[in-house]
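Chains, contacts and geometry: an overview
The residues making up each chain are set out below.
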Amino acid sequence: STGIVEDIQTKGLGVNVYPNPVENTTVIQIGIKTPTNISVELLDIRGVSVKTLLNTYQTERIKNHSISFEGIKPETYVIKVITDYGEGVYRILKK
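So, here's what we can say about the structure. If you're wondering where the values come from, they're calculated on a predicted model, not measured in any experiment. (Residues numbered from 1 in each chain as written. Predicted model: local features only at pLDDT ≥ 70, side-chain atom pairs only at ≥ 80, totals over all residues. Heavy atoms only, no water.)

1. Some points on the overall build of the protein
Here is the rule: Helix and strand definitions here come from DSSP, where helices need a minimum of 4 consecutive H or I residues and strands a minimum of 2 consecutive E residues; each element is numbered from the N-terminal end. For the radius of gyration, the atoms used are the C-alpha atoms, and the globule rule reads 2.2 Å times the number of residues raised to 0.38. The rule is simple: take the accessible area with a 1.4 Å probe, protein chains only, and divide by the maximum for that residue type; under 20% is buried, over 50% is exposed, in between is partly exposed. Should any heavy atoms of two residues lie within 4.5 Å, those residues are counted as being in contact.
Broken down by element type, the protein carries one helix and seven strands. Secondary structure of the protein in N-to-C order comes out as α-β-β-β-β-β-β-β. In summary, the protein has a C-alpha radius of gyration of 13 Å against a globular reference of 12 Å for 95 residues, a match within 12%. When the backbone C-alpha atoms are referred to their principal axes, the protein occupies close to 35 × 25 × 20 Å. Within the span of the protein, comprising 95 residues, buried residues form 41% of the whole. Within the protein, counting contacts between residues at least 6 apart in sequence, those at least 24 apart form 54% of the total.

2. Focus: the sheet that holds strand 4 (residues 49-58)
Strands belonging to one sheet form pairs held by backbone hydrogen bonds; the direction of such a pair is parallel or antiparallel. Just so we agree on the cut-off: When DSSP finds two or more bridges between two strands, those strands count as paired. Interaxial angle, 0 to 180 degrees, is taken between N-to-C directions of lines fitted to C-alpha atoms, where a helix line uses only the stretch in contact.
Across the sheet, which stays open at both edges, the four strands sit in the order 4-3-6-7 with antiparallel pairing between neighbours. Every interior strand has two partners, whereas the edge strands, strand 4 and strand 7 (86-94), have only one. On average, each strand axis in the sheet is tilted by 20° relative to the strand beside it, whichever way the strands run. Summarising the sheet, strand 3 (residues 36-44) and strand 4 pair through eight bridges and their orientation is antiparallel.

Structural data, given as structure tokens:
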């Protein structure tokens, strides 16, 4: 697996999610090449939107976003990160 800096250079977007599995709170570390709008959606395994986790404008190259998972039932989810110039999907397990 490549690191976030390599992903930024090759894909324009790098994402780390930790801890994963998540209990109550997780950090979504987002790395970008240039300032962009960022939307983070939590989807169930079928791709249905469960919750918008983040909707922001990021100027920092790498920023940590603390996200609450309170009230979200335990199962496997997909986090979809959407920027002005691309998107990525990442699997996450809620304990």
